[in-house]
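Here are the chains, one letter per residue:
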Amino acid sequence: MHPASSVILFNTFSGLGFGLLFWLGMGAIVPMGSSAFIWFAIAYILAVGGLIASTFHLGHPERAIKAFSQWKTSWLSREGICAVFALIVMAIYGAGLVFFETPLALLGIIGGIASLGVVFTTSMIYAQMKTVPRWRHWTTPAMYLTLSIGGGALLSGQVLIASVLLIVGALLQVFAWMTGDTRFKASGTNMETATGLGHIGKVRAFEPPHTGTNYLMREFVHQVGRKHAEKLRIITIGLAFVLPVILLLLPFSHVLAAFAVLSHIAGVLTLRWLFFAQAEHVVGLYYGKR
């Protein structure tokens, strides 16, 4: 799949933002007054900024409002509805802390759970796609939730919880890569099944269907060299998980904490790029790209 920058930014920063909102809602930190305003401002800038970034990948962003009507069948629609609900509830909870210094605990819990609901619905947009075997697995929503909760814990200064979740995330991501590399072949999808011509024997592409690229090739057929992918995977594990944990285990300082957050963000951006770049869509079979 084409790793569009807008979607990479969305998946990275909205996950962090809603992860921070989750911990704020759960009462892991209960700031008051101007301090609460700063915490919620950071969470909303990340969450809403990521959501806005995702609209730049739409052909007609002005029609995005229509997606809300398809909640019965579309995970994208459910994501939008869940995001609006979570942001409204957490805004009310935040207002209680900022203006009245009153934590409305039940409202915070509801908003926190709804924030994780946004992350889950986002992950299911990809996990339910039969045409991308690498994504169609329980590790997809598991990684989205782990990164969101772990990143939120890192941002909110919960050293122990963040360290544990980042270690779990690293192990889970390695497992997702190992199993994902064989998932396309294991799905049984090949040139014969894709064209429906398997009954006549072995099928191969004789010539490209056209002389130039088209929308399908630009969006759904992206190839990354194995050596480059392996290097990027090492960079991802190092930046997103290993380095932040090492920095968290050192004597606390705001400088080290800032470096841990920046390292994690850089690693997750790389991870998200690989998430799309290595996702083989079955349409690539028509172009001999498998």
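Bear in mind the structure is a predicted one, so any value in this text is a computation, not a measurement.

Undergrad: What exactly am I supposed to notice about the overall build of the chain here?
TA: Along its length, the chain carries 10 helices and zero strands. In terms of overall dimensions, the chain is globule-like: its C-alpha atoms have a radius of gyration of 21 Å, near the 19 Å expected for 290 residues. Viewed in the frame of its principal axes, the chain has a C-alpha envelope of about 75 × 45 × 30 Å. Counting all 290 residues of the chain, 46% fall into the buried class. With the model as given, the accessible surface of the chain reaches about 15,000 Å², and the carbon-plus-sulfur share is 71%.

Undergrad: What exactly am I supposed to notice about the pattern of salt bridges here?
TA: Side-chain pairing between opposite charges can occur once the charged atoms of the two side chains come close. Summed over the entire model, instances satisfying the criterion amount to two salt bridges. Here Arg 134 makes a salt bridge to Asp 181, at a shortest N to O gap of 2.9 Å. Pair noted here: Arg 134 is in the loop between α4 (105-127) and α5 (139-155) and Asp 181 is in helix α6 (residues 159-186), with a separation of 47 residues, a long-range link. Among the residues examined, Asp 181 registers a relative accessible area of 38% and is labelled partly exposed. A salt bridge links Asp 181 to Arg 233; its shortest N-O distance comes to 2.9 Å. Here Asp 181, found in helix α6, pairs with Arg 233, found in helix α9 (residues 226-249); they are 52 residues apart in sequence, far enough to count as distant. The network of salt bridges with common partners includes Arg 134, Asp 181 and Arg 233.

Undergrad: Sorry, what's going on with the side chain of Gln 173 here?
TA: Structurally, Gln 173 can be placed in helix α6. For Gln 173, a relative accessible area of 7% corresponds to the buried category. In this structure Gln 173 touches Met 143 and Leu 271, once residues within four positions along its chain are discounted.

Undergrad: Can you walk me through the nonpolar core in this structure?
TA: Side chains of a nonpolar character, in soluble globular proteins, are inclined to be buried together. Phe 18, Leu 21, Leu 24, Phe 40, Tyr 126, Trp 135 and Phe 276 are the most contacted members of the largest nonpolar core, which totals 35 residues. With eight residues, helix α3 (residues 75-99) is the largest single contributor of residues to this core. Dropping the residues within four chain positions of it, Leu 24 is found in contact with Ile 29, Pro 31, Trp 39, Phe 40, Ala 43, Met 90 and Tyr 93. If you look at the next biggest cluster of nonpolar residues, it comprises 28 residues, including Leu 46, Met 143, Leu 166 and Ala 260.

Undergrad: What exactly am I supposed to notice about the environment of Glu 192 here?
TA: When you line up the elements, Glu 192 lands in helix α7 (residues 191-195). Along the sequence, Glu 192 and Val 203 sit 11 residues apart, while their C-alpha atoms lie 5.6 Å from each other. If sequence neighbours within four positions are ignored, Glu 192 has contacts with Leu 197, Gly 198, Gly 201, Lys 202 and Val 203.

Undergrad: I would appreciate a short explanation of the packing of helix α1 (residues 5-26) against helix α10 (residues 254-277) in the present structure.
TA: For any two helices packed against each other, one specifies the crossing angle of their axes together with the interaxial distance. Between α1 and α10, whose axes approach to 9 Å, the crossing angle comes to 135°. With respect to their mutual orientation, α1 and α10 come out oblique. When you trace α1 past α10, the crossing you get is right-handed. Every residue of α10 that contacts α1 at Val 7, Ile 8, Leu 9, Asn 11, Thr 12, Phe 13 and Leu 16 is listed here: His 264, Ile 265, Val 268, Leu 269, Arg 272, Trp 273 and Phe 276. A class-by-class count of the residues in the contact of α1 with α10 yields 10 nonpolar, three polar and one charged.

Here is what the cut-offs are and how they apply
- Residues numbered from 1 in each chain as written.
- Predicted model: local features only at pLDDT ≥ 70, side-chain atom pairs only at ≥ 80, totals over all residues.
- Heavy atoms only, no water.
- Helix = DSSP H or I, 4+ residues; strand = E, 2+ residues; numbered from the N terminus.
- Rg over C-alpha atoms; globule rule 2.2 N^0.38 Å.
- Buried < 20%, exposed > 50% of the residue type's maximum accessible area, 1.4 Å probe, protein only.
- Areas by Shrake-Rupley, 256 points an atom, 1.4 Å probe, with all protein chains shown as cover.
- Salt bridge = Lys/Arg side-chain N within 4 Å of Asp/Glu carboxyl O.
- Contact = heavy atoms within 4.5 Å.
- Core = buried A, V, L, I, M, F, W, Y, C linked by side-chain atoms within 4.5 Å.
- Axes fitted to C-alpha atoms, helices over the stretch in contact; angles between N-to-C directions.
- Parallel < 35°, antiparallel > 145°, perpendicular 65-115°, else oblique.
- Left-handed = near helix turned anticlockwise from the far one by under 90°.
- Nonpolar A, V, L, I, M, F, W, Y, C, P; charged D, E, K, R; others polar.

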